[in-house]
Amino acid sequence: MNGVARAFFLVAIVAGLCGMVWGIQMSASQDHTLSPAHGHLNLLGWVSCSIFAFYYHLVPSAAANPLARLHFGLVVVAVVLLAPGVALAIQGKTELLAKLGSVIMLGSMLLFGWIVLKVPGRVTATA
Ligand code: HEM
Ligand code: HEM
């Protein structure tokens, strides 16, 4: 696994490690207040980034599209904003980071959809 696929997988692992440490800290402290932030760090970081990694690994023509790097950058920015942003929103401090992260994450998914659509379909041999 190379290029953007490997980069997505490395981000997934870092997010998964942070999310699991956060989960263990919540369990140990018996304070689950921030569980939605922990959940979304794991779901958008570990789970979604792993799916993107496998997709780009399996479809090299999509990985070769320059937009794949933009997709990677948007997802990283969104996860970095959204996880602490949800925690800050729950604590009643600010909703700004959560809102920014959500919109960037949505934009990154639209871009991913575009990249998938631009991949040429399989050319089947005809007699
Ligand atoms: C070491 C691993 C993990 C630990 C110790 C852990 C711990 C926890 C704890 C204590 C809660 C709060 C439960 C409650 O209040 O009822 C929670 C919620 C949650 N966790 Fe984890 N977790 C771990 C890994 C994961 C992973 C890998 C995922 C996703 C792939 C995940 C997704 C969620 C979700 C979606 C919630 C509910 C969020 C919500 O309240 O809206 N967790 N976790
Ligand atoms: C832009 C991305 C996303 C935003 C803004 C978002 C927002 C939210 C919000 C506001 C909640 C309610 C939290 C609460 O009640 O305290 C929630 C719950 C949840 N979300 Fe997300 N979400 C996003 C993406 C995802 C994704 C990609 C997944 C799964 C792969 C996911 C899985 C969940 C789950 C499992 C819950 C908990 C439901 C429950 O406890 O009843 N979310 N999300």
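Given the structure is predicted, the values throughout are model-derived calculations rather than measurements.

**Q** Sorry, what's going on with the packing of aromatic side chains here?
**A** Within the structure shown, the criterion is met by 9 aromatic pairs. Ring geometry for F8 against F52: centres 5.3 Å apart, planes inclined by 50°, an arrangement best described as tilted. In this pair, F8 sits in helix α1 (residues 3-29) while F52 sits in helix α2 (residues 35-58), placing the two residues 44 residues apart along the sequence. The burial state of F8 is the same as that of F52; both residues are buried.

**Q** Is there a simple way to think about the site of ligand 1 in this case?
**A** Taken together, 13 residues are adjacent to ligand 1, and S27, H32, S35, H38 and N42 come closest. Within the side chain of H38, one N or O atom sits 2.8 Å away from a nitrogen atom of ligand 1. N42 is positioned with one of its side-chain polar atoms (N or O) 3.5 Å from a nitrogen atom of ligand 1. Elements that contribute at least two residues to the shell around ligand 1 include exactly α1 and α2. Here the shell around ligand 1 gets 7 residues from one element, more than from any other, and that element is α2. Class assignment of the residues belonging to the shell around ligand 1 gives a composition of 6 nonpolar, 7 polar and no charged.

Calculation criteria
Residues numbered from 1 in each chain as written. Chains lettered and ligands numbered in written order. Predicted model: local features only at pLDDT ≥ 70, side-chain atom pairs only at ≥ 80, totals over all residues. Heavy atoms only, no water. Phe/Tyr/Trp six-rings, centres within 6.5 Å; stacked < 30°, edge-to-face > 60°. Helix = DSSP H or I, 4+ residues; strand = E, 2+ residues; numbered from the N terminus. Buried < 20%, exposed > 50% of the residue type's maximum accessible area, 1.4 Å probe, protein only. Near = heavy atom within 4 Å. Polar contact = N/O pair within 3.5 Å; in protein donor to acceptor, adjacent residues only side chain to side chain. Nonpolar A, V, L, I, M, F, W, Y, C, P; charged D, E, K, R; others polar.

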